[in-house]
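Analysis of the macromolecular model
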Amino acid sequence: MLSTHLIDFDNIIFNIQRFGGASTYWRELTARVTTSLPGEVVFSTGTVRSRLVRPKSAARIFHSSHFRVSRSKQTQNVVTIHDLIYEKRMVGGIGAAVNLFERRRAVINADAIICISESTKRDMLEYYGRHVATKPVCVIHHGCDNFSAAGAASIEGTAPSPRGGQSPYFIYAGGRTGYKNFDVALRAFAAGGFAARGIQLICTGAAFSASEMTLIQSLRLESSVKAIGTVTSAALGGLYGGALALLYPSSYEGFGLPPLEAMASGCPVICSASSSLPEVVGDAGLLAEASSVDSFEDAMRRFTDENVRAEFIERGYARAAIFTWDKSAENHMRFYKTLA
């Protein structure tokens, strides 16, 4: 027998990743739905080891944060597809094989599917079209209204600029491996001679790997490129707000939160003209070829002009205002109610 609960949210994502687009999405979505539908939401969870186990839910709708589907026949399963990096073989190894199995099983057994961008929907239909031909598929974008440039962040080791605060810098946020094309950002920074002008490249996230350090040293950028570790959302907003521009040369994104967060924080964006990024950034940023050092260097030079920056900052604010977590949650709830 079904319970009185409308939705069972499976919080397993927090045992798989604490930070990242998927966990941010889940945290923002579930907080708003719980507030809007008091008494209609229940939470379940699982360990990393149980991620392959199909749970049994008594709610009318089961929505998992990471590709689990309920084995209860009366429950409607909703699956969110973030990207298709494993299907596109952009990431390999055992982890990719496990994720492929999970996603394929989830899509086949889902009653309805949410994609986080039109780009992701196109990719999902390319790989799973015959499995979803009769299922409702809805595109619901992410939001970023918890970001602003309030509270300027301090970067250890930077010299004061004539305008006050830190010396000028570009920022790189997010993962740096493989298809993220971090080497393009480094080479464009070096090719533009920005270090000689006292400009730095600040990178959030993990410390540089041995291969990254080798490239940095070969480009003679040791004193100009810094990895500052993981930072809070508030600190990241401040870092965005103080930057000349965000560099985002990734060749594939299911959505691409960093460019949206940057725009919301008053930071111009330089990103690849590929996958979902044009859909998110629109004409509020400069689009470049993902693998083109020259293309990124040219865009970076443009944003050393304060008049150009000011124009794109205003465009970015307007663009970011379109994407809110409140709107995203409302669209989710509307979709749920078509299934219940």
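Higher on the page you've got the structure.
Residues numbered from 1 in each chain as written. Predicted model: local features only at pLDDT ≥ 70, side-chain atom pairs only at ≥ 80, totals over all residues. Heavy atoms only, no water.

Some thoughts on the packing of aromatic side chains
Counting across every chain of the model gives 10 aromatic pairs. Both rings, one in Y172 and one in F182, keep their centres 4.9 Å apart while their planes meet at 70°; by these two values the pair is edge-to-face. Here Y172, found in strand β7 (residues 169–172), pairs with F182, found in helix α4 (residues 182–191); they are 10 residues apart in sequence, far enough to count as distant. In this structure Y172 comes out as buried when scored by relative accessible area, which is 1%. F182 sits in the buried class, given a relative accessible area of 2%. Both rings, one in F303 and one in F312, keep their centres 5.3 Å apart while their planes meet at 80°; by these two values the pair is edge-to-face. (Phe/Tyr/Trp six-rings, centres within 6.5 Å; stacked < 30°, edge-to-face > 60°. Helix = DSSP H or I, 4+ residues; strand = E, 2+ residues; numbered from the N terminus. Buried < 20%, exposed > 50% of the residue type's maximum accessible area, 1.4 Å probe, protein only.)

What to know about the pairing of strand β11 (residues 269–272)
Here strand β10 (residues 246–248) pairs with β11 via three bridges, running parallel. Residue Y248 lies in a different strand from β11, and its bridge partner there is C271. Since β10 and β11 lie parallel, the crossover through helix α7 (residues 257–264) that links them has a hand, and here it is right-handed. Here three bridges tie β11 to strand β12 (residues 286–288), and the two strands are oriented parallel to one another. Looking across to β12, one finds that I270 is bridged to L286. (Pairing = 2+ DSSP bridges. Right-handed = clockwise from strand over helix to strand, strands pointing away.)

Some details on the sheet that holds strand β2 (residues 41–44)
Taken together, six strands build an open sheet; the order of strands is β2-β1-β3-β4-β5-β6 and the sheet is parallel. If you trace the sheet from one side to the other, it starts and ends with β2 and β6 (137–139), each paired once. Strand-to-strand, the axes of this sheet are offset by a mean angle of 25°, without reference to chain direction. Where strand β1 (residues 7–10) and strand β3 (residues 61–64) come together, four bridges link them in parallel fashion. Bridge pairing in β3 places F9 opposite H63. Across the sheet, helix α11 (residues 325–339) lies against β1, β3, β4 (76–81), β5 (112–115) and β6, angled at about 170° from β5, the strand it touches most. (Axes fitted to C-alpha atoms, helices over the stretch in contact; angles between N-to-C directions. Contact = heavy atoms within 4.5 Å.)

Don't take any of this as a statement about function, it's just geometry.
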